[in-house]
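One letter stands for each residue in the lines below.
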Amino acid sequence: MNYQPLLLSFEEAAELGKELGKDSLLGKALARDIAQTDAYMANVGIEVPGHGEGGGYEHNRHKQNYINMDLAGRLFLITGEQKYRDYIVELLTAYATVYPTLESNVSLDSNPPGKFFHQTLNENMWMLYSSCAYSCVYHTLEEAQKRQIEDDLFKQMIHMFVVTYGHDFDIVHNHGLWAVAAVGICGYAINDQASVDKALYGLKMDKVSGGFLAQLDQLFSPDGYYMEGPYYHRFSLRPIYLFAESIERRQPELGIYEFNDSVIKTTSYAVFKTAFPDGTLPALNDSSKTISINDEGVIMATSVCYHRYEQTETLLGMANHQQDVWVHTAGLTLSNAVEAADEIKPFNWGSLFVTDGPKGEKGGVSILRHRDSKDDDTMALIWFGQHGSDHQYHSALDHGHYDGLHLSVFNRGHEVLHDYGYGRWVNVEPKFGGRYIPENKTYCKQTVAHNTVVVDQKTQNKFNTALAETKFGQKHFFDAENSNMQAMSGTISQYYDGIDMQRSVILAELEEFEKPLVIDVYRILADAPHQYDLPYHYKGQVIRTDFDYQVESTLKPLGADNGYQHLWNLGSAKVSGSTLITWLHDSSYYSLVSSAPAADLGNESKGESEFIFARTGATDPDFNLRSEPALILRQNAQNHVFASVLETHGYFNESIEASIDARGLVKAVTVIGHNATGTVIEIALTSGKNYVFGISNRPASAELENTEHKVEFAGTTYQWTGCYAKIN
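If you check an unreviewed UniProt entry, the chain appears there as Chondroitin lyase from Vibrio algicola. According to the UniProt record, the Subcellular location (unreviewed entry) comment for the chain reads "Periplasm".

What follows is the structure in C-alpha cells.
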C-alpha cells in the first residue's frame, strides 16, 4: 500500500522545505517551529508523567508532548532530519508501554476522565495530534513497532471514546467535534476504516444522530455562528480543518469542503467577521479577553480558505495581521501571496448581522464598522442570540451567559466599552487548579458584569439555564448601506417578567467630530415600576464630570448578590439632567454623555436619577477578579429610555506633555419622547448646534425601512422615513 502522511504528502513536504531559511511567513513559521521543537526535545526528552492537578505540571507535560510530537512529525517530512522521527517513535512507544495498565484520572467536573487528563476532551486532543505525528513516521516503522503503538495505545484509546464513553461520542457539540475528529484521524493513521466510518457517520451510521457530517450539518447557524460564542467557536476550527484535510486526502470523493454548501468556509468566516480591528475576538458568553485571530485554529482556517475557497484582499489582510501561516501546503499558498503583494490593507469585514440558532431564528450578533481615511476602525457590537449553553452535554460546562443586548465598542486600537469575559486563570494551577474560578458564576455570568440593563439588581432570566434556553432576542433592524450613518437594533422580551427591551445603536459620522459618535438608545417597557441599572464598563482614568458627586469614605459592596457583591461602591451622585463624564485611556479621551432622566410613555413625569462609580474586587477573598472600573446609570421608573452618546476626542502624550481637545463637543443628551411609533432624542453641542434623531419602535418588518414615522411630543411634530433618521 502506498501510505501517505495525513496532512502533507512527501511531494508537498519537499516544496515546503524550500522555504527553510527564507524571510517569508512560512519560512519564519518553520524557523519558529524548529526552535521550539529542538528546545523541547533537548530540555525535556522522553517523559510520560502520571496524574496531577488539572492545570498542573503533569497536565501541561502531556499537552506539550502532543504539541511537539505534531510539530516534529511535519518537521521530519520537511527537513528529513532523523532526530524528529526518533523522538516521535520513542515517545509514542513510551506511552504505549504504560497505557494498558494506567488507571483513569479523576474527573474534576461532569466530563468523564481519560487516562492522561481530567477530561476526555484533552484526551481527544492528545490522540488527534499524536495520530497526525504517527502518520508522518508510519512508513519508517517495523511491524513490531506498529503493533505496539497501535494495539497498546491508539486502539485502546479509540475503544475508550467509542465504547466506554460512547454515550458522549455522538453529541453534536464542540467536545463531540473533537471526539469524532480524533477517532477519524487516528483511524486513518492506523488504517482502521471502520473507526473512520463511525467518526464520519456516527455510531448508528445514519449521518444524523452523530458523526462529523452531522456536526457540520447541525452545529452552526446558517451564517456559521456557533452558539457558545467566538471563543469556543475558534477552538472548533482545529478539529474541523485537521479532519477535513485528512478526509480530502484519503476520501476525496466525499467532497468535504463542498459539504452542506461549503459550511466549513461559512463557519470560518463567522469567526473572522466578529473580530475586533486589533484581531481579538469579542467576549460573548464565557470568553478569554486575549484570544484573537492569531489562534492556531483561525490561522489554519485563514490559510485553507485562501488556498481552497477564494483569494481575497481581506484574507491577505488577515494573514498580514497574523504574521503567521499554517505549516502546510495551504500556508505556502498564502505565504507566497503575501510576499507577492505590493500593498496589503488592514482586514475589514465591514458591517454585518450574523444569525444565531440552527435555522437562524434565534437572534444573533449585530456589528457596525466604520473606517476613516487613516485606516482607523470604529466598531460597535450588540449581542442578542440564544443562551450559549452546552448543559445538555455536561451541566458543569454551561458556558452561556444569561442576558441579551450587551454592547461593546472599539476604536483607536482599544475595546472602549467592554465585557469582563470569563473568570478563569487558564493552567495557572494555584488559582483554583487553573479552572473556572467561583467568581465566574457569582460575577462574570451575572448581568451587571455586562453593558446591558439590570432590573431590580437581578440577573436576566433569573440566572436559570433551563429558562434562558427558552429565550432569545430578535433583530429589530439593521442598516449599514451608508457608511456615514449606520444603525442596528435588537429586542429581548420577558427576560424579566413583564418587561420588554429594545436597544438601538447608531454609528454617526458628523462633520464636527473627528470620530463617529456612538449613539446608544435603550428603551424599556414594563407593567410596573422598577429600578433600572445600565452599567458601562471601561478602562482609563476619570478626567472630569459636569456634575457633583460624593466619594465613599468607607468602601462597601453595591449589593449582596447577583454580581453586585463584587462591585465596590466608590461614589455616587443624584442627578436631574444630562450627565457627562470624560476618561482618558492611553492617548485618547472618551466622553459618555447620558440623558439620565427620561419620560414615561405619556411624557408626563420625570424623576431623579443616580450616577454610580463602581469597581470590581469586592467580596473577593482570593483576589481572583481583575480590578476594573464601571459606571452605572440608575433610574426608578416604569417605562424608561436611557440615551447615551460616546464621543472619542483629543490626544494625550505624557512624554511630550501634550494634551489636545480634552473637552468634547457633546454637551447634553435629551430624550424628547417615546411611544409605540418611535423614540426621539436630541444631542446638544457646545457650539449651540443640536442634532435630532428618530428611531422606530414599530414591530420589526421588511417594510420598516420605507415606513413613514410621525410622532408628537410637547407640541412638536417629528417626522422621518425608515428605521431611523437624523431629523432636520
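**A word on unusual backbone geometry**
With the exception of glycine, most residues fall at negative phi, and the peptide bonds are largely trans. Not every positive phi belongs to a glycine, and Q457 is a case in point at roughly 55°. Counting through the fold element by element, Q457 comes out in the loop between strand 6 (454-455) and helix 17 (465-468). One non-glycine residue, T619, lies in positive phi territory at about 50°. In this structure, T619 sits in the loop between strand 17 (609-616) and strand 18 (629-637).

**Points about the packing of aromatic side chains**
Applying the stated criterion across every chain, the model contains 32 aromatic pairs. Ring centres of F220 and Y226 lie 6.2 Å apart, and the angle between their planes is 75°; this geometry places the pair in the edge-to-face category. Assessed through its relative accessible area of 2%, Y226 is described here as buried. When the ring centre of Y99 is taken as reference, the NZ or CZ atom of K115 above it lies at 4.5 Å.

**Focus on the domain arrangement of the chain**
One frequent convention defines the size of an interface as the accessible area lost when the parts assemble. The domain boundaries assigned to the chain delineate domain 1 (1-190), domain 2 (220-349) and domain 3 (352-727). Between domain 1 and domain 3, the C-alpha centre-to-centre distance is 45 Å.

**Details of empty space enclosed by the protein**
The tally for this structure, following the rule as stated, stands at five cavities of 30 Å³ or more. Estimated volume of the second largest cavity: approximately 60 Å³. As for the second largest cavity, its lining consists of A283, L284, N285, W383, H401, D403, H406, D419 and H450. Residues belonging to the lining of the second largest cavity are distributed by class as follows: three nonpolar, four polar and two charged. When residues of the lining of the second largest cavity are assigned to domains, at least three fall in each of domain 2 (220-349) and domain 3 (352-727).

**Observations concerning the nonpolar core**
By size, the foremost hydrophobic cluster in this structure holds 119 residues, and its most contacted members are W126, L153, F154 and Y241. Shared between two domains, this core takes at least three residues from each, and those domains are domain 1 (1-190) and domain 2 (220-349). With near-sequence residues (within four places) excluded, L153 lies in contact with L92, Y95, A96, Y99, F116, W126 and Q148. F384, L507, V518 and L558 belong to the second-largest nonpolar core, a separate cluster that totals 55 residues.

**Here we look at the packing of helix 2 (residues 25-43) against helix 4 (residues 82-98)**
Interaxial distance between helix 2 and helix 4 falls to 12 Å at its minimum, and their mutual angle equals 55°. Classified by the angle between their axes, helix 2 and helix 4 sit oblique to one another. The chirality of how helix 2 crosses helix 4 is left-handed. Residue-level inspection shows I34, T37, D38, Y40 and M41 of helix 2 in contact with helix 4, the latter providing K83, Y84 and Y87.

**Some words on the sheet that holds strand 5 (residues 414-417)**
The strand order across the open sheet formed by five strands is 1-2-3-4-5, and the pairing between neighbours is antiparallel. Edge positions in the sheet fall to strand 1 (352-355) and strand 5, since each of these pairs with one other strand and no more. Put simply, the sheet's adjacent strands are angled 20° from each other on average, direction ignored. Of the strand pairs in this sheet, strand 4 (residues 406-411) and strand 5 are connected by three bridges, and their pairing is antiparallel.

**With respect to the confidence of the model for the chain**
Taken residue by residue, the chain gives an average pLDDT of 94. The fraction at 70 or more is 97%. Low pLDDT (under 50) marks residues 599-605, which in the prediction has 15 contacts with non-local residues, meaning those over four places away or in another chain.

**Looking at the pattern of salt bridges**
Note that side chains of opposite charge can pair when their charged atoms are close. Applying the stated rule across the entire model yields 33 salt bridges. When the shortest N-O distance is used, the salt bridge between R61 and E47 registers 3.4 Å. Linking R61 in helix 3 (residues 57-79) with E47 in the loop between helix 2 and helix 3, this pair joins segments that are 14 residues apart in sequence. When its relative accessible area of 14% is taken as the criterion, R61 is described as buried. In this structure E47 comes out as partly exposed when scored by relative accessible area, which is 25%. We note a salt bridge from K574 to E610, for which the minimum N-O separation is 3.6 Å. With K574 in strand 14 (residues 567-575) and E610 in strand 17, this pair connects stretches of sequence that are 36 residues apart. Residue E610 is classed as buried on the basis of its relative accessible area of 18%. Through salt bridges with shared partners, one network takes in E143, R147, E150, D151 and K155.

**Structural notes on the pairing of strand 22 (residues 666-674)**
Pairing analysis gives seven bridges linking strand 22 to strand 23 (residues 678-685), with the strands arranged antiparallel. Within strand 23, the residue paired with G673 across the bridge is V680.

**Focus: the sheet that holds strand 13 (residues 550-551)**
Think of a sheet as strands paired side by side through backbone hydrogen bonds, with each pair either parallel or antiparallel. Read across the open sheet, the six strands follow the order 6-11-18-17-14-13; overall the sheet is antiparallel. At either end of the open sheet lies a strand with only one pairing partner, and these are strand 6 and strand 13. Two elements, strand 14 and strand 17, share eight bridges in a ladder whose sense is antiparallel. Paired with S572 across the bridge in strand 17 is I612.

**Some thoughts on the environment of V271**
Tracing the backbone through its elements, the reader meets V271 in helix 12 (residues 259-274). Judged by its relative accessible area of 1%, V271 falls in the buried class. When the C-alpha atoms of V271 and Y538 are compared, they prove to be 24 Å apart, with 267 residues separating the residues in sequence. With residues near it in sequence (within four places) discarded, V271 still touches H233, R234, L237, L281 and V298.

**Some details on the side chain of D295**
Relative to the elements of secondary structure, D295 occurs in the loop between helix 12 and helix 13 (296-309). Judged by relative accessible area, which is 10%, D295 ranks as buried. A polar atom in the side chain of D295 sits 2.9 Å from the side chain of R234.

**Points about a nonpolar patch on the surface**
Residues Y651, I656 and I660 make up a contiguous nonpolar surface patch of about 290 Å² in total accessible area. Within the secondary structure, I656 sits in the loop between strand 20 (651-653) and strand 21 (658-660).

**Regarding helix 12**
For helix 12, spanning 16 residues, the distance from its first C-alpha to its last is 23 Å, which sits close to the expected 22 Å at 1.5 Å a residue. Along helix 12, the helix axis deviates most sharply at T266, where the bend reaches about 35°. When helix 12 is considered as a whole, its buried residues turn out to be S262, V263, I264, T267, S268, Y269, A270, V271, F272 and T274. Here the buried face of helix 12 lies against helix 10 (212-218), helix 11 (230-250), helix 13, helix 14 (313-322), strand 2 (364-371) and strand 3 (377-383).

**Quick word on the environment of K574**
Residue K574 is classed as exposed on the basis of its relative accessible area of 55%. Considered as a pair, K574 and P557 are 17 residues apart in the sequence and their alpha carbons are 19 Å apart. The residues touching K574, leaving out its near neighbours within four places in the chain, are E608, S609 and E610.

Reading the values: the criteria
- Residues numbered from 1 in each chain as written.
- Predicted model: local features only at pLDDT ≥ 70, side-chain atom pairs only at ≥ 80, totals over all residues.
- Heavy atoms only, no water.
- UniProt positions renumbered as here; feature names shortened; annotations may be inferred.
- Helix = DSSP H or I, 4+ residues; strand = E, 2+ residues; numbered from the N terminus.
- Phe/Tyr/Trp six-rings, centres within 6.5 Å; stacked < 30°, edge-to-face > 60°.
- Buried < 20%, exposed > 50% of the residue type's maximum accessible area, 1.4 Å probe, protein only.
- Lys NZ or Arg CZ within 6 Å of the ring centre and 35° of its normal.
- Domains from an automatic or database assignment.
- 1 Å grid on protein atoms, 1.4 Å probe; cavity = no way out; pocket = protein on both sides within 12 Å on 5 of 7 lines; lining within 4 Å.
- Points joined across faces, edges and corners; volume = space filled by probe spheres on them.
- Nonpolar A, V, L, I, M, F, W, Y, C, P; charged D, E, K, R; others polar.
- Core = buried A, V, L, I, M, F, W, Y, C linked by side-chain atoms within 4.5 Å.
- Contact = heavy atoms within 4.5 Å.
- Axes fitted to C-alpha atoms, helices over the stretch in contact; angles between N-to-C directions.
- Parallel < 35°, antiparallel > 145°, perpendicular 65-115°, else oblique.
- Left-handed = near helix turned anticlockwise from the far one by under 90°.
- Pairing = 2+ DSSP bridges.
- pLDDT = per-residue confidence, 0-100.
- Salt bridge = Lys/Arg side-chain N within 4 Å of Asp/Glu carboxyl O.
- Polar contact = N/O pair within 3.5 Å; in protein donor to acceptor, adjacent residues only side chain to side chain.
- Patch = residues over 30% accessible without salt bridge, like charges linked within 9 Å, V, L, I, M, F, W, Y side chains within 5 Å.
- Areas by Shrake-Rupley, 256 points an atom, 1.4 Å probe, with all protein chains shown as cover.
- Expected span 1.5 Å × (residues − 1).
- Bend = angle between axes of the 7 residues up to and from the residue.

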